[in-house]
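Below are the chains, spelled out letter by letter.
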Amino acid sequence: MSSSKVVLQTCGRITGRYMQFTGSYRCDIKSIVLQSKVFYSATCSRHSTTGEKKMFTYGPVGVSLTTKQAMLRDVGSRDTEFINAVKFIRSRLLEFAGVSDDKFTCVPMQGTGTFGIEAVISTTVPKNGKILILDNGTRTTISKLVDIFGLDSVMLSFPEDRGIDVKKVEECLQNHKFTNVSVVHCETRSGVMNPIGEIGALVRKYNPDATYFVDAMTSFGIVPMDLEADNVDFVVSSSDKSMSSVPGFAFIIANKEKLLQCKGQARSLSLDLVDQYEGLELNGQFRFTPPTHVMLAFRQNLLEIEAEGGILGRAKRFKQNSDVLKAGMEKMGFKRLVMGNDESVIITNFHSPKHPNFDLQDFVKRLNEKDQVIIKSKTKTPTFSICNLGNLHPEDMTHLLKCISEVCTEMNIPLPLSE
């Protein structure tokens, strides 16, 4: 565990379930984690007493009160405190990725997760390169970037309700030479999980010099990864979504050797991944104005994740949430889009009922009026998505199920569904 000194906003008093910050002081990481454990039940409150909505979306997500409160102070981008906070964040994210700083580095990038994806594609695909895009039935962000940059590419598409067929990937890799291969770990639109380890092994077997990139926007920090064993060179995630903090920056876990080979290739100034890395290594600073408040919130969020038991502790809660949701929805007769080994505990899509009284837009609106925010999915099949991200707990899932039952009654849709 790092012994870096950081500043943690501390509790002057506790009102109800919440900590109210009255100042700050310096202490080492071990002390901070111990305090976070003491206050964990307060900081990660269950049902809101402030009238806030519960977010069952894949971004932005609901965050703890103390994570929000960490933003209520100003720091300079060149302050020693902020530079140390960035250093702590980069180090801790490498630990979450299960890699050492000997071979990998963490590069934070201003903006949303999409900024991080664009930074990787812009920087890592060489001028005469060719990228294989593995896609679960939807036109991905990467395919749009490929069109914008005019890159040579092959898209291998699969049904949206199941994981990628590695046999077809193998056939493609045998017949083409690629400089880059990309895949989404947990497909945001459908919640389907893809076998990144099996794909990585095939990339190394047939295209050993290719750069293998994984979009882990909704899985990083929830599903344990072994980047070296899975032959992954670049992983992108963001401060919100799976990491349960406020949006504002992306981060890239990068193989140092692969990253430095890309120097001079970037098609963007602000999203030049190598330049961003070299600046951070030189003086610990961002090249352009960083989201200081967002990063202070993220540092606090990392401490709360540590207090929960790290990735394994979080994974346990997400599994419990998912089990409650799926059992309750099944009891009401709702059918899942993705089943079996391909489904995740992170995002679950349910088929829209065929009952004549069901209107998806009205269904979503009525739940929103009950402070339960779900979304209409972007899948080809008519579905709605319930995401298990952010500051959610089993009792939140139980309350959502109660509200869904109430809305169905209001819409004159008898339960369980008969279809």
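Look up a bit, the structure's there.
Overview of the structure. (Residues numbered from 1 in each chain as written. Predicted model: local features only at pLDDT ≥ 70, side-chain atom pairs only at ≥ 80, totals over all residues. Heavy atoms only, no water.)

**Describing the sheet that holds strand 14 (residues 383-387)**
Think of a sheet as strands paired side by side through backbone hydrogen bonds, with each pair either parallel or antiparallel.
Logical step 1: Overall, antiparallel pairing links the three strands, which are arranged 11-14-13 in an open sheet. A strand with exactly one partner marks an edge of an open sheet, and here the two such strands are strand 11 (347-351) and strand 13 (375-376).
Logical step 2: Where strand 11 meets strand 14, five bridges bridge the pair, whose relative direction is antiparallel. By the bridge assignment for strand 14, His351 is matched with Thr383.
Logical step 3: The strands touched by helix 12 (residues 310-331) are strand 11 and strand 14; relative to strand 11, the strand with the most contacts, the crossing angle is about 5°. (Pairing = 2+ DSSP bridges. Helix = DSSP H or I, 4+ residues; strand = E, 2+ residues; numbered from the N terminus. Contact = heavy atoms within 4.5 Å. Axes fitted to C-alpha atoms, helices over the stretch in contact; angles between N-to-C directions.)

**Re the nonpolar core**
Logical step 1: Ranked by size, the top nonpolar core spans 91 residues in total, and within it Leu93, Leu134, Phe220 and Ile253 carry the most contacts.
Logical step 2: Core analysis: the next-biggest nonpolar cluster, separate from the first, contains 25 residues, Met397, Val407, Cys408 and Ile413 among them. (Core = buried A, V, L, I, M, F, W, Y, C linked by side-chain atoms within 4.5 Å. Buried < 20%, exposed > 50% of the residue type's maximum accessible area, 1.4 Å probe, protein only.)

**Structural notes on the environment of Thr379**
Logical step 1: Along the chain, Thr379 turns up in the loop between strand 13 and strand 14.
Logical step 2: Through-space distance from the C-alpha of Thr379 to that of Thr188 is 9.9 Å; in sequence the pair is 191 residues apart.
Logical step 3: In this view, Thr379 contacts Glu160, Arg189, Ser190, Leu337 and Asn349; residues no more than four positions away in its chain are not counted.
Logical step 4: A polar contact of 2.6 Å, which involves the side chain of Thr379, links it to the backbone oxygen of Thr381.
Logical step 5: Among the polar contacts listed, one links the side chain of Thr379 to the side chain of Thr383, at a separation of 2.7 Å. (Polar contact = N/O pair within 3.5 Å; in protein donor to acceptor, adjacent residues only side chain to side chain.)

**Quick look at helix 5 (residues 113-124)**
Logical step 1: Taking 1.5 Å per residue as the helical rise, helix 5 with its 12 residues ought to reach 16 Å, and the 17 Å between its terminal C-alpha atoms agrees with that figure.
Logical step 2: Most of helix 5 sits out of view: nine of its 12 residues are buried.
Logical step 3: Every buried residue belonging to helix 5 is among Gly113, Gly116, Ile117, Ala119, Val120, Ile121, Ser122, Thr123 and Thr124, and all of these are buried. (Expected span 1.5 Å × (residues − 1).)

**With respect to the sheet that holds strand 10 (residues 249-255)**
Logical step 1: The seven strands lie next to each other as 4-10-9-8-7-5-6, forming an open sheet whose pairing is mixed. With one partner strand each, in any of the chains shown, strand 4 (104-110) and strand 6 (152-157) form the two edges of the open sheet. Strand-to-strand twist across the sheet, computed as the mean angle between neighbouring axes with direction ignored, equals 20°.
Logical step 2: Sheet analysis places strand 7 (residues 180-184) next to strand 8 (residues 211-215), joined by five bridges and oriented parallel. The residue of strand 8 that forms the bridge with Val181 is Tyr212.
Logical step 3: Where helix 4 (residues 80-97) meets the sheet, its contacts fall on strand 4 and strand 10, and the angle it forms with strand 4 comes to roughly 125°.

**Focus: the pairing of strand 4**
Logical step 1: Burial within strand 4 is extensive, with seven of its seven residues counted as buried.
Logical step 2: In strand 4, alternate side chains face the same way, and those of Phe104, Cys106, Pro108 and Gln110 on one face and Thr105, Val107 and Met109 on the other are all buried.
Logical step 3: Sheet analysis places strand 4 next to strand 10, joined by seven bridges and oriented antiparallel. In the sheet register, Phe104 faces strand 10, and the bridge partner there is Asn255.

**Let's talk about unusual backbone geometry**
Logical step 1: Of the consecutive residues Gly59 and Pro60, the connecting peptide bond is found in the cis state with omega at 0°.
Logical step 2: Mapped onto the fold, Pro60 is located in the loop between strand 3 (54-55) and helix 3 (65-69).
Logical step 3: One non-glycine residue, Asn231, adopts positive backbone phi at about 60°.
Logical step 4: Inspection of the secondary structure puts Asn231 in the loop between strand 8 and strand 9 (234-238).
Logical step 5: On the basis of relative accessible area, Asn231 is assigned to the partly exposed category, the value being 22%.
Logical step 6: Positive phi outside glycine occurs at Ser244, with the angle close to 65°.
Logical step 7: With respect to the secondary-structure elements, Ser244 resides in the loop between strand 9 and strand 10.

**Regarding the state of the cysteines**
Logical step 1: For the coordinates displayed, the defined rule picks out zero disulfides.
Logical step 2: For the unlinked cysteine Cys186, the closest cysteine sulfur is that of Cys387, found at 8.9 Å. (Disulfide = S-S within 2.5 Å.)

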